[in-house]
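Geometric and topological summary
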Amino acid sequence: MKYVSRVPRPPLDGLIDDLYYLEGAPPYARLTLPASPAAFLIVNLGAPFRIRAGTDIETAEYADGCVVTMPTRAFEFSYPSESRSVGVHFKPWGPAPFLPMPAAELCDRPVTVEQVWGRPAIAELRDRLNAADGPHEMMTLLEQELLRRLGDAAGLGLVRHTSSVIAATNGAVTIDDLRVSAGVSSTHLAQRFKELIGVTPKRLARTYRFTATVLSINPAEAIDWADLASSAGYFDQAHFGHEFRAFTGLTPTRYVEVRRRFLREHPGHVLDGWPLPAD
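None of these values were measured; they are calculated from a predicted model. Throughout, residues of each chain are indexed from 1 in the direction in which the sequence is written. Per-residue local features of the predicted model are confined to residues with pLDDT of at least 70, and side-chain atom pairs are confined, for both listing and counting, to 80 or more; whole-chain, interface and lining totals are unaffected and use all residues. Side-chain descriptors were evaluated using all non-hydrogen atoms of the structure, hydrogens and water having been removed beforehand.

Remarks on the overall build of the chain
Of regular secondary structure, the chain possesses 10 helices and 10 strands. Its C-alpha radius of gyration of 19 Å places the chain within 12% of the 19 Å reference for a compact globule of 279 residues. Each principal axis of the C-alpha atoms in the chain carries an extent, and together these give about 55 × 50 × 35 Å. Burial status across the chain gives 51% buried among its 279 residues. Contact criterion: two residues are considered in contact whenever any of their non-hydrogen atoms come within 4.5 Å of each other. Taking as baseline every contact in the chain between residues at least 6 positions apart, the subset at least 24 positions apart corresponds to 73%. His is not counted, nor are the chain ends, whereas Lys and Arg count as positive and Asp and Glu as negative. Here the site of a charge means NZ on Lys, CZ on Arg, CG on Asp, or CD on Glu. Taken together, the 29 basic and 32 acidic charged side chains of the chain have centroids lying 2 Å from each other. Each helix is a run of H or I in the DSSP string that is no shorter than four residues. Each strand is a run of E no shorter than two, and both are numbered from the N terminus. Put simply, the radius of gyration uses C-alpha atoms, and a globule should come to 2.2 Å times the residue count raised to 0.38. Partly exposed residues are those whose accessible area sits between 20% and 50% of the maximum for their type, while under 20% is buried and over 50% is exposed, using a 1.4 Å probe and protein chains only.

Points about the packing of aromatic side chains
Any pair of Phe, Tyr and Trp rings, taking the six-membered ring for Trp, is counted once the centres come within 6.5 Å. Such a pair is stacked with planes under 30 degrees apart, edge-to-face with planes over 60 apart, and tilted for the rest. Evaluation of the coordinates by the stated rule reveals 14 aromatic pairs. Geometrically, the ring pair formed by Phe-49 and Tyr-62 is stacked, given 6.0 Å between the ring centres and 15° between the ring planes. Of this pair, Phe-49 sits in strand β5 (residues 49-52) while Tyr-62 is found in strand β6 (residues 60-62), placing the two residues 13 residues apart along the sequence. Residues Phe-49 and Tyr-62 agree in their burial class; the two are buried. On the basis of an interplanar angle of 85° and a centroid distance of 5.3 Å, the ring pair of Phe-240 and Phe-244 is categorised as edge-to-face. Within this pair, Phe-240 and its partner Phe-244 are both found in helix α9 (residues 237-248), separated by 4 residues, close to a single helical turn. Of the two residues, Phe-240 and Phe-244, neither departs from the other in class, the shared state being buried. Put simply, the rings of Phe-210, Trp-225, Tyr-234, Phe-240, Phe-244, Phe-247 and Tyr-255 pair up and form one aromatic cluster. Any Lys NZ or Arg CZ found within 6 Å of a ring centre and within 35 degrees of that ring's normal is scored as a charge over the ring. The ring of Tyr-234 is capped by Arg-209, whose NZ or CZ atom sits 4.1 Å from the centre of that ring.

Keep in mind these values describe shape, not function.
Structural data, given as structure tokens:
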């Protein structure tokens, strides 16, 4: 697959990790995306793809693309044989200024771009992207569209600052310390987080801690799970295993088996690192 990305210019860089272009055959027809402290927007330029947002939710088809606020569970993506898209990897609070509804309404409920920006707007944007001269021009067009749509979101400064502290500590900060530092009540802080990110500060901290712990695993080496759980601040190995299943749908040992399969079958692939084969 071809993957090209870049960081947007200010002020979007405070909301977005990167803009990207992706094209080619996916490594697997179905990929599992574990929950992580991120949100994303995909403008689809190829055949429709499908998303299953949790085991209790039916698979849905997305033709024009999708918007996903920060997930709390693993998502399963089913790709066509050839995929082509332009997208955005948001910081957890990043989608808020572009949404016409509270982020909580979209939590674990992916929607089409049409549902967020309207059919005429996304149809016109897809036409311009398809006519663009290469990935870099496509990313510039999407960046311009985002700048044009950038709006205000009440409380964004508070949520962005507090979330940045959570991110900097990989979730190892108490919510009470955050509340005191911000000078607001825990209720107010939780309400703002739900509105702008879709989850509470406590849930965001859990997600950052889990993600940092998983990314520290080297699947090519033997893993001391008890030591890893203790180093990451989990109460015990059982607590760590519960978090693993909550965020990935897998046990820790099964996760490593699947990661090793990806590394063995697709060494050096551009998607290696977070998505997992679901087949």
